Amino acid sequence: MKSATPKVLHAICGRSLVGHVVAASRELDPEHLVVVVGHAREQVQAHLVGTDPAVRTAVQHEQNGTGHAVRMGLEELSGQGVTLAGTVVVVCGDTPLLTGETLRMLSETHAADGNAVTVLSAEVPDSTGYGRIVRDEASGAVTAIVEHKDASEAQRAIREINSGVFAFDAQLLTDALGKVRTDNSQGEEYLTDVLGILREAGHRVGAAVAGDHREILGINNRVQLAEARRLLNERLLHAAMLAGVTVVDPATTWVDVTVDFEPDTVVHPGTQLMGTTRLAAGAEVGPHSQLTDTAVGPGAVVSFTVADGAHIGAGATVGPYAYLRPGTDLGPKSKAGAYVEMKNATVGEGTKVPHLSYVGDATIGEYTNIGAASVFVNYDGEAKHHTTVGSHCRTGSDNMFVAPVTIGDGAYTAAGSVITKDVPPGSLAVARGQQRNIEGWVARKRPGSAAAQAASAAGQESEGER
C-alpha cells in the first residue's frame, strides 16, 4: 500500500477493510470472533475496539504463515478456557467485498456435505496467478489446490480458484495444525497444508463456489482499493434503487454502507453520502452535495451543500452553497439559503436565513427572517457565547449580533446595525452611526479622476434639468 496506515485499516465506503470482514462475519452470529493481528497491531487493536468491542484479538508476534496465524487464533481461545466444537470459518482481513450471505452458504455447504474442510472457491474469467481447485470428477470432492506455477497445462485451464477462505471442523483443524511442517521455501506454516493432511487421513475436502467471483478479491495496492470501492458502491446503490430510491447518476454518486434511505428519495449527480446519514421519504439531495452523519427529513431539498452532523427538518430547503456544521438543527419548512454557514444552531419552523450569513451558537424561533449578510458574532477570542432570536422577528441586512444577546419575539432590527444589547419583544433596534454627506469631497480630493468627471457631468445634468 506504500502507506503509514496498516493495510487492513484503509477504508472504503465508510468502513475499514477489516471492518467489512468483521461485519460480514458477524452475520453468521458466531460464538467466538477472533482477529489475528501482527504488523502495527496496536493500531489495529485500537481500531477494532471502536468498531466491534466484542471482537477478541490474538497476536502473531512473528509472521510465520497462514497456518501459524490460525494456530495463534485457536490458542487465544484455548488460553481463555474455550473448548472449540463445530465449525471454524477462516477469512482474510483484506477482502471487503465478502458478504455474510456467502459465508453462510459456505458454512451450510460444509455441514450438509459432511466435509472436514470446505474451500470457498470462485470461477473467474482469468485464473492466471491463482491456485486452481482440482476436483474428483465422480464425487466432486477437492483433491488438490495447485498453485499456478506448479500447474500442468490442463490444470491451468481450470477457472475455479482458491479464495483463501475456509470452513473447518474445529477438532480436526486443531489436530492437523499440529502436524503442519515448515520445510518449504518460505519456512512457514501454510494453512493449505491442512487440506492435504486431512485428505491423507481419509477425510473429505469439499468446495463451495461463490456466486460472484468479485467477492473474494483481496486488496494489495491502491489500484485494487479503488476498484473494490467502486464495486461496493455499485452494490450499495443497486440495493438502494431496488428499494425505491432514485439515483440519477450512479457513476458519480458515492455512499457509505451505514447510509439509510427511505423510498422515494432522490439523489442527484455528484453527491456523497457518508457515515450515519439518513434520507427520509421524499427527500431530495444534490447535485454536488456532501452529507456526513446528517438526517434529512421528509420532503426536504438539499442542493450544492456540505453538511456534517446536521439535522434538516421536513420540507426544509438548504443551499445552494450552504455549509451546515455539527449541531445544526433546521426545523420543518425552514431555510438555509445561498452561502449560509451554520454551526451549533437551532432554527425554528418556517424560519429563513436566505443568504450570505453566518449563524453560530444560536437559537432562532419560528417564522423569523434573518436579513442578508448577517453574522452571529459568537467568539470573543477565548470563549463562545450564545445568541437567541425569538419568533416572528425581522432582522435587517448586514446585522452583527454580538453574543450574548437576545432579540425578543416580534422584534425588528434595522439594516446595518451592530446589536450589542438585548432587544425587547416588539421593538425596533437601530444601532448604526448617523449618516453625514460631505459635498464636493471628490472634486477636492480626487480632482481629474473618473469619479470627479462623472460627478461633474451629473451636476451639469442636474443644473440643466432645473
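In what follows, the structure referred to is the one given above.
As the structure is a computational prediction, the values presented were derived from the model and not from experiment. (Residues numbered from 1 in each chain as written. Predicted model: local features only at pLDDT ≥ 70, side-chain atom pairs only at ≥ 80, totals over all residues. Heavy atoms only, no water.)

A. Inspection of unusual backbone geometry at higher detail. Cis peptide bonds are those with omega within 30 degrees of zero, and the linkage from Gly 286 to Pro 287 qualifies with 5°. By the secondary structure assignment, Pro 287 is in the loop between strand E17 (284–285) and strand E18 (290–292). Cis geometry is found at the peptide bond from Gly 319 to Pro 320, where omega equals 5°. Tracing the chain through its elements places Pro 320 in the loop between strand E23 (317–318) and strand E24 (322–324). The phi dihedral of Tyr 367 falls on the positive side, at around 50°, and the residue is not glycine. Here Tyr 367 lies in the loop between strand E27 (352–364) and strand E28 (369–370). (Helix = DSSP H or I, 4+ residues; strand = E, 2+ residues; numbered from the N terminus.)

B. Representation of the environment of Arg 41 within the structure. Tracing the sequence through the fold places Arg 41 in helix H2 (residues 41–51). On the basis of relative accessible area, Arg 41 is assigned to the partly exposed category, the value being 24%. Taking the C-alpha atoms as reference points, Arg 41 and Pro 6, separated by 35 residues in sequence, lie 8.8 Å from one another. Other than its neighbours up to four places away in sequence, Arg 41 contacts Val 59 and His 61. (Buried < 20%, exposed > 50% of the residue type's maximum accessible area, 1.4 Å probe, protein only. Contact = heavy atoms within 4.5 Å.)

C. Examining the packing of helix H6 (residues 170–177) against helix H7 (residues 193–200) more closely. Where H6 meets H7, the axes come as close as 10 Å, and the angle between the chain directions of the two elements is 105°. Overall, the two elements H6 and H7 adopt an arrangement that is roughly perpendicular. Together, Leu 172, Leu 173, Ala 176 and Leu 177 of H6 and Val 194, Ile 197 and Leu 198 of H7 make up the contact between the two elements. Residues belonging to the contact of H6 with H7 are distributed by class as follows: seven nonpolar, no polar and no charged. (Axes fitted to C-alpha atoms, helices over the stretch in contact; angles between N-to-C directions. Parallel < 35°, antiparallel > 145°, perpendicular 65-115°, else oblique. Nonpolar A, V, L, I, M, F, W, Y, C, P; charged D, E, K, R; others polar.)

D. Expanded view of the nonpolar core. Among the nonpolar cores identified, the biggest contains 55 residues, and Phe 261, Leu 273, Leu 279, Val 296, Ile 312, Leu 324 and Met 342 are the most heavily contacted of them. Looking at this core, the elements with two or more residues in it are helix H8 (222–242), E24, strand E26 (335–347), E27 and strand E33 (405–407). In terms of nonpolar packing, the next biggest core, distinct from the first, is built from 23 residues, Ile 133, Leu 177, Val 180 and Val 205 among them. (Core = buried A, V, L, I, M, F, W, Y, C linked by side-chain atoms within 4.5 Å.)

E. Quick peek at the packing of aromatic side chains. Scanning the entire structure with this criterion turns up four aromatic pairs. Pairing Tyr 321 with Tyr 339 gives two aromatic rings, centres 5.3 Å apart and planes at 20°, and the pair type is stacked. Residue Tyr 321 is located in the loop between E23 and E24, and its partner Tyr 339 is located in strand E26; the two are separated by 18 residues in the primary sequence. Take Tyr 321: its relative accessible area is 44%, and that puts it in the partly exposed class. Residue classification places Tyr 339 among the exposed positions, given a relative accessible area of 51%. With centroids separated by 5.0 Å and ring planes inclined at 45°, the aromatic side chains of Phe 376 and Phe 401 adopt a geometry described as tilted. Linking Phe 376 in strand E29 (residues 375–377) with Phe 401 in strand E32 (residues 400–402), this pair joins segments that are 25 residues apart in sequence. The exposure class of Phe 376 is buried, given its relative accessible area of 0%. Taken together, the ring pairs in this structure connect Phe 304, Tyr 321 and Tyr 339 into an aromatic cluster. (Phe/Tyr/Trp six-rings, centres within 6.5 Å; stacked < 30°, edge-to-face > 60°.)

F. The arrangement of a nonpolar patch on the surface in detail. A contiguous nonpolar surface patch, about 350 Å² in accessible area, is contributed by Tyr 321, Tyr 339 and Leu 356. Within the secondary structure, Leu 356 is located in strand E27. Looking at Leu 356, the relative accessible area reads 52%, which means it is exposed. (Patch = residues over 30% accessible without salt bridge, like charges linked within 9 Å, V, L, I, M, F, W, Y side chains within 5 Å. Areas by Shrake-Rupley, 256 points an atom, 1.4 Å probe, with all protein chains shown as cover. Salt bridge = Lys/Arg side-chain N within 4 Å of Asp/Glu carboxyl O.)

G. Region of interest: the packing of helix H3 (residues 66–79) against H6. As a packed pair, H3 and H6 sit with axes 10 Å apart at the nearest point and diverge in direction by 120°. Relative to H6, H3 is oriented oblique. The handedness of the crossing between H3 and H6 is left-handed. Contact residues: H3 offers Gly 67, Val 70, Arg 71 and Leu 74, while H6 offers Leu 173, Thr 174 and Leu 177. Considered class by class, the residues forming the contact of H3 with H6 number four nonpolar, two polar and one charged. (Left-handed = near helix turned anticlockwise from the far one by under 90°.)

H. View of the pairing of strand E9 (residues 160–169). In terms of burial, E9 is largely enclosed, as eight of its ten residues are buried. Here strand E6 (residues 117–123) runs beside E9; their pairing, made up of seven bridges, is antiparallel. Bridged to Val 119 within E9 is Phe 166. (Pairing = 2+ DSSP bridges.)

I. Region of interest: the side chain of Asn 378. By the element assignment, Asn 378 lies in the loop between E29 and strand E30 (387–389). A polar atom in the side chain of Asn 378 sits 3.5 Å from the side chain of Tyr 358. Of the polar contacts made by the side chain of Asn 378, one reaches the side chain of Asp 361; its length is 2.5 Å. Filtering out sequence-adjacent residues up to four positions away, Asn 378 remains in contact with Lys 343, Tyr 358, Gly 360, Asp 361, Ala 383, Lys 384, His 385 and Ala 403. (Polar contact = N/O pair within 3.5 Å; in protein donor to acceptor, adjacent residues only side chain to side chain.)

J. Highlighting the pairing of strand E5 (residues 87–90). Across the two faces of E5 the burial differs, with Val 88 and Val 90 buried and Thr 87 and Val 89 not buried at all. Taken together, the four bridges between E5 and E9 define a ladder with antiparallel strand orientation. For Val 90, the partnering residue across the bridge sits in E9 and is Phe 166.

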